[in-house]
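Secondary and tertiary structure notes
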Amino acid sequence: MYLQPVLKCKNPDCPLPTATRIRLPYPNPPRSGENPPNWPPDGWQLRLICRECDHWYVYEKNDVQWAPYTRPLAEETRVDFLCAELECAEPGCGSRTQWHVLDNSQMSETELLEFVLRADPVAVCENGHSFSISGIASGSVKKAELA
């Protein structure tokens, strides 16, 4: 058994069972019974979209819990922790905002970008510009590494 960092969806109406958590990637997770690392660092933030309810929230260090799993997330073959990075097209902005999703459906890059843009509430850049109004100048998707 391994300890893996996890988050719970903050949407009170999420259909995800309350006992289910969203796993986060962590290299070399400790074994169960060991003390979890002091991670993430102070000031850490993560924009995460729940696959069950499509709601996004900004999560912080105090939202992270550690839970036991039989194997680390990195060894799961049908689950990817993905990061979509969107550049705001609002004139003079150009901020790049990252959105994270734990995906078990093998979404394509286009599907993931569309998923982010459909999120609830409307996805906004770090400066608060709505992507549905301002649009995106560019977007990219990669497998996420958080540690």
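This text follows the structure it describes.
These notes cover the structure that comes with them. Within every chain, residues take consecutive numbers counted from 1 along the sequence as written. Only residues with pLDDT of at least 70 get local features here, since the model is predicted, and only at 80 or more are side-chain atom pairs given and counted; chain-wide, interface and lining totals rely on the full set of residues. Hydrogens are left out, water is left out, and the side-chain values use all remaining heavy atoms of the structure.

**Here's the deal with the state of the cysteines**
- Disulfide assignment relies on a single distance test, namely cysteine sulfur atoms paired within 2.5 Å. For the structure on display, the rule yields 0 disulfides.
- Its sulfur unpaired, C53 is 3.6 Å from the next cysteine sulfur, which belongs to C9.
- Not part of a disulfide, C93 finds its nearest cysteine sulfur in C125, a span of 3.8 Å.

**Things to note about the nonpolar core**
- Core analysis: the largest hydrophobic core is formed by 23 residues, its most contacted members being L24, W39, L46 and F81.
- Labels follow the DSSP assignment, with helices taken as runs of H or I lasting at least four residues and strands as runs of E lasting at least two, numbered in each case from the N terminus. Mapped onto this core, the elements with two or more residues apiece are β1 (2–7), β3 (45–49) and β6 (80–88).
- Contacts are assigned to residue pairs with any non-hydrogen atoms lying within 4.5 Å of each other. Ignoring anything within four residues of it in the chain, the contact list for L24 reads Q4, P5, L7, W39, W44, L46, V64, L73, F81 and L146.
- What we call a nonpolar core is a set of buried Ala, Val, Leu, Ile, Met, Phe, Trp, Tyr and Cys residues that are connected through their side-chain atoms within 4.5 Å. A 1.4 Å probe rolled over the protein chains alone gives each residue an accessible area, and that area as a share of the maximum for its type sets the label: buried under 20%, exposed over 50%, partly exposed in between. Formed by 18 residues, the second largest nonpolar core is a distinct cluster that contains A84, V116, C125 and F131.

**Things to note about unusual backbone geometry**
- P40 follows W39 through a cis peptide bond whose omega is 0°.
- With respect to the helices, strands and loops of the structure, P40 is situated in the loop between β2 (22–23) and β3.
- Along the chain, D120 connects to P121 via a cis peptide bond; the corresponding omega equals -5°.
- Mapped onto the elements, P121 comes out in the loop between α1 (109–118) and α2 (131–134).
- Look at D54: it is not a glycine, yet its phi comes out positive at around 65°.
- For Q106, which is not glycine, the phi torsion reads 60° and is therefore positive.

**Description of the sheet that holds β2**
- Taken in spatial order, the 3 strands make up an open sheet running β2-β1-β5, and their pairing is antiparallel. A single partner strand is all that each edge strand has here, and the edge strands are β2 and β5 (65–69).
- In this sheet, β5 lies alongside β1 in antiparallel orientation, the contact comprising 5 bridges. Each bridged residue has a counterpart across the sheet, and for Q4 the counterpart in β5 is A67. Strand pairing is assigned whenever DSSP identifies at least 2 bridges connecting the two strands.

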